[in-house]
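# Descriptive structure summary
Okay, here's what each chain looks like letter by letter:
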Amino acid sequence: MGPTDSTPAGRSVFHGISETGLRGLVRGGGDGDVIEELLSAERSRRLLLLRALLDRSAEQANGHDGERPLSVQDAWDLLERAQARAPGAVDGVLMAPGTGTWLSSALRLLRGAPQDEDSVRSTLGHLSALAVAGAAGARIRFALWVPASEGIVSLPGLGCAVLPGAGGRTAVRVTGDGERLRISGPDGDVVVGPEWERRTPGWRPTRRLTLGRGDAAGSLALEEHDPFRTFSGPTTPSALSDQEAAAWQGAVDEAWDLLRDEPDQTEAMRRGLRSITPVPRGERFRPYSSSSAEAFGAVNASLPDEGAELAATLVHEFQHIKLGALTHLGPLVTRTDKTDEPPRLFHAPWRDDPRPLEGLLQGIYAFFGVTRFWRAHRHAADTAHEPLAHFEFALWRDAVWSTLDSARGHERLTALGNRLLESLAQICAGWLTERLPAEELRLAREAAASHRARWREHHLRPAADVVDEAVRAWRRGESCPPSLRTAPSSLRPDPDACFLDTAAVLARHRLTDPDGPWRDPATAAVRGAGPVDVLLAGGARSDARRILTDQLLRDDPPVGSWAALGRATAEDPQRRAAARFLLGSPHWARAVRDTLAAEHGERPDPMALAAWLSRAGRPPRPTA
């Protein structure tokens with residue numbers, strides 16, 4: 001197999017992006033033409049990886065399951081025959097998202113520590129399933145053994161066959177006569193074709209979702225069968241009901257209607273999106289989605305509660321898809337030579353965990369797209385949805401801007417990485433001047449401050465010597481030492497940090513259903529939300545402060561209590577300085593309080609300690 005275009009002998013050809021296309025991508029966009037450029041580069045990359053797989057496998061997959069051989073070379077030969085007959089059919093198989101996931105998984109398997117023969121054969125045997133799918137599309141005659149798992153044979157892009165009595169088989173024989181496939185099992189055969197999309201006994205075809213309407217409509221697979229559809233390794237097929245499939249089409253229709261105001265973006269997505277893989281539904285306002293640089297065009301997503309949620313999800317993941325493909329052509333970040341030092345980690349307002357620079361750039365690019373969507377949608381949303389759209393725009397606009405500010409000019413950024421961030425910053429700076437309703441803006445800023453403060457309380461550790469100095473000063477009745485203002489903190493990721501977005505989720509509930517069940521912590525409507533979170537979301541700050549004070553006077557208060565106390569006192573004029581300190585440096589309050597409790601058995605009044613810490617370097621207040 002090889003490229004269908006011809007190149008002069010002895011001349012290397014490297015893929016690139018046109019200046020017009022690159023300009024669109026670094027501004028967070030890109031039209032359909034640049035997607036075709038990225039797809040062309042991805043196709044060449046897949047071919048190179050496939051060739052590397054053949055060379056590395058060196059017939060490792062050749063083995064026997066009784067009398068049922070699985071041969072990498074036989075599969076390769078069939079793919080070459082199919083490509084000679086119908087290059088487009090093989091390209092469709094080659095560019096399927098699951099093929100990219102499988103290729104990367106298989107190469108990692110071959111490059112890693114020696115694996116047991118069954119594991120290697122099972123993984124490499126997937127090439128036979130791809131070859132059969134390509135040969136079926138090319139309408140050629142063939143016979144080949146393909147993998148089977150629990151009586152199911154998956155043929156990517158076509159569907160899967162369910163063979164009675166084949167549960168113990170690891171491979172079955174498939175033959176094609178140019179029109180139909182016969183998948184042979186011990187208790188009978190499944191025959192399919194020439195209409196692969198028609199359901200027949202034992203055959204579950206791959207369903208397709210329509211993107212848009214009319215002649216310009218596109219389509220993508222509703223992926224239920226491909227073993228490598230979930231990015232994490234082989235997964236058993238999971239069939240949807242007809243009702244579930246219809247729900248997905250309805251959600252896609254609604255989302256696509258909301259995206260129509262950005263024609264360049266929708267055309268790019270129409271050309272670039274290849275599949276949606278349904279995953280279990282999450283709670284409201286916490287949808288699940290993912291994508292992978294190895295699986296161009298694939299999105300794993302939970303069924304949304306409404307079209308706007310899916311529209312934002314598709315935009316988010318398509319941004320990841322574009323940037324992943326761009327980084328295959330040129331890096332945004334240089335590799336570090338300091339292998340003995342851990343990478344610098346950053347606060348990402350959309351994550352619970354600290355992120356390396358590479359991951360931070362991916363998040364910036366994805367949420368830049370999300371912000372752009374909500375910016376457009378807030379002017380088109382109906383009255384019921386308008387407050388939420390304003391809130392989302394305010395939240396993500398400020399999140400992207402603050403994260404851009406922390407990443408711009410980083411020494412590890414390449415010229416391309418710098419160009420990307422500067423372009424995004426220029427656009428985002430203009431968004432910051434746009435007016436927003438006061439209530440939605442306030443809720444967004446409070447949610448952002450809550451996430452940042454809770455993140456700091458979980459992950460930052462103050463300098464131990466300065467903490468000890470502060471403890472001594474507190475016990476002697478002296479002012480807080482000025483060193484606390486300038487002392488560094490170290491970042492130590494806390495694996496228990498979770499649900500740091502609780503304030504934002506509760507704000508969404510408040511805007512869409514002011515008197516809903518989220519107000520009762522006993523209903524567990526929002527995971528991670530305790531009584532204090534609910535009280536703060538409802539505006540009952542004094543009640544929340546009483547509970548937090550009680551918590552902080554006991555042993556082992558929950559992590560995040562100091563950050564929450566900052567929120568609870570933020571609107572109290574007499575405690576404003578203490579509130580600012582707790583929202584900016586809750587980890588200092590936590591460290592000083594815990595040291596006092598552990599070493600001296602003291603549990604000071606939380607507000608008194610916070611006020612004292614906020615006056616670091618200032619003379620003590622005179623006593624009455």
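Procedures and definitions
- Residues numbered from 1 in each chain as written.
- Predicted model: local features only at pLDDT ≥ 70, side-chain atom pairs only at ≥ 80, totals over all residues.
- Heavy atoms only, no water.
- Helix = DSSP H or I, 4+ residues; strand = E, 2+ residues; numbered from the N terminus.
- Buried < 20%, exposed > 50% of the residue type's maximum accessible area, 1.4 Å probe, protein only.
- Contact = heavy atoms within 4.5 Å.
- Areas by Shrake-Rupley, 256 points an atom, 1.4 Å probe, with all protein chains shown as cover.
- Lys, Arg positive; Asp, Glu negative; His and termini not counted.
- Charge placed at Lys NZ, Arg CZ, Asp CG, Glu CD.
- Pairing = 2+ DSSP bridges.
- Axes fitted to C-alpha atoms, helices over the stretch in contact; angles between N-to-C directions.
- Core = buried A, V, L, I, M, F, W, Y, C linked by side-chain atoms within 4.5 Å.
- Parallel < 35°, antiparallel > 145°, perpendicular 65-115°, else oblique.
- Nonpolar A, V, L, I, M, F, W, Y, C, P; charged D, E, K, R; others polar.
- Polar contact = N/O pair within 3.5 Å; in protein donor to acceptor, adjacent residues only side chain to side chain.
- Phe/Tyr/Trp six-rings, centres within 6.5 Å; stacked < 30°, edge-to-face > 60°.
- Salt bridge = Lys/Arg side-chain N within 4 Å of Asp/Glu carboxyl O.

Next up on the list: the overall build of the protein chain. Scanning the protein chain for helices and strands turns up 23 helices and 18 strands. For the C-alpha atoms alone, the extent of the protein chain along its principal axes is close to 100 × 55 × 55 Å. Classification of the 624 residues of the protein chain by burial places 52% in the buried group. Long-range pairs, those at least 24 residues apart, make up 70% of the contacts in the protein chain with a sequence separation of at least 6. Of the accessible surface of the protein chain, which amounts to about 27,900 Å², a share of 49% is contributed by carbon and sulfur atoms. In the protein chain, 77 side chains carry a positive charge and 83 a negative one; their mean positions are 3 Å apart.

Another point: the sheet that holds strand S7 (residues 181-185). Here four strands make up an open sheet; going across it, the order is S3-S6-S7-S8 and the pairing antiparallel. In this open sheet, the two strands that pair with only one neighbour each are strand S3 (141-147) and strand S8 (188-192). Strand after strand, the sheet turns through a mean of 20° between neighbouring axes, direction not considered. With five bridges connecting them, S7 and S8 associate as antiparallel partners. Opposite Leu181, over in S8, you have Val192 as the bridge partner.

Moving on to the nonpolar core. Trp248, Leu361, Ile364, Trp374 and Phe391 are the most contacted members of the largest nonpolar core, which has 91 residues in total. When neighbours within four sequence positions are excluded, Trp374 is seen to be in contact with Ala308, Ala312, Ala389, Glu392, Phe393 and Trp396. Counting residues in hydrophobic clusters, the runner-up holds 52 residues, among them Leu49, Leu130, Ile140 and Phe228.

Turning our eyes to something else, we now look at the environment of Arg43. With respect to the helices, strands and loops of the structure, Arg43 is situated in helix H2 (residues 32-57). With 498 residues separating them in the primary sequence, Arg43 and Arg541 have C-alpha atoms 57 Å apart.

Along the chain, Gly193 connects to Pro194 via a cis peptide bond; the corresponding omega equals 0°. Phi is positive for Phe285, close to 70°, though the residue is something other than glycine. Summarising the element assignment, Phe285 is placed in the loop between strand S12 (275-279) and strand S13 (289-290). According to the relative accessible area criterion, Phe285 is buried, its value standing at 10%. The phi dihedral of Phe499 is positive, around 55°, even though this residue is not glycine. Looking at the secondary structure, you find Phe499 in the loop between strand S18 (489-491) and helix H17 (502-512). Assessed through its relative accessible area of 23%, Phe499 is described here as partly exposed.

Following both chains from N to C, one finds helix H21 (residues 576-584) and helix H23 (residues 606-614) inclined at 85°, their axes separated by 8 Å at the closest point. By the angle between their axes, H21 is roughly perpendicular relative to H23. Of H23, the residues touching H21 (which contributes Ala577, Ala578, Phe581 and Leu582) are Met607, Ala610, Ala611, Leu613 and Ser614. Looking at the contact of H21 with H23 residue by residue, the class counts come to eight nonpolar, one polar and no charged.

The next thing to look at is the side chain of Arg397. As for its position among the elements, Arg397 is in helix H12 (residues 386-407). Within the structure, the side chain of Arg397 is placed 3.2 Å from the side chain of Asp398, a separation counted as a polar contact. Setting aside chain neighbours within four positions, we find Arg397 in contact with Thr371, Cys428, Trp431, Leu432, Glu434, Leu436, Leu441 and Arg445.

Per the counting criterion, the structure on display carries six aromatic pairs. Ring centres 4.7 Å apart and planes at 15° place the aromatic pair Trp350 and Phe367 in the stacked group. One end of the pair, Trp350, is in the loop between strand S15 (345-346) and strand S16 (355-356); the other, Phe367, is in helix H11 (residues 357-380), with 17 residues separating them in the sequence. Residue Trp350 shares its accessibility class with Phe367, and that shared class is buried. Ring geometry for Phe393 versus Trp431: centroids 6.5 Å apart, planes at 65°, classification edge-to-face. Here the residue Phe393 occupies a position in helix H12, and Trp431 occupies one in helix H13 (residues 415-431), the gap between them amounting to 38 residues. An aromatic cluster is built from Trp350, Phe367 and Trp396, whose rings are joined through pairwise contacts.

Strand order in the open sheet formed by three strands is S4-S5-S9, with antiparallel pairing between adjacent strands. At either end of the open sheet lies a strand with only one pairing partner, and these are strand S4 (152-155) and strand S9 (203-205). Taking the axes of each pair of neighbouring strands and ignoring which way they run, one obtains an average angle of 15° across the sheet. Inspection of the sheet shows S4 paired to strand S5 (residues 159-162) by four bridges, in the antiparallel sense. Within S5, the residue paired with Ile152 across the bridge is Val162.

Another point: the pattern of salt bridges. Counted according to the given criterion, the structure contains 43 salt bridges. A salt bridge links Arg207 to Asp242, with the nearest nitrogen and oxygen atoms 3.1 Å apart. You can see Arg207 sitting in strand S10 (residues 207-211) and its partner Asp242 sitting in helix H8 (residues 242-259), a full 35 residues away along the chain. Each of Glu439, Arg442, Glu446, Arg510, Arg541, Arg567 and Glu571 takes part in salt bridges that share partners, so that together they form one network.

Let us look at the pairing of S3. Side-chain alternation along S3 places Phe142, Leu144 and Val146 on a buried face and Arg141, Ala143, Trp145 and Pro147 on a face that remains uncovered. Relative to strand S6 (residues 171-177), S3 runs antiparallel, the two sharing seven bridges. Paired with Leu144 across the two strands is Val174, which belongs to S6.

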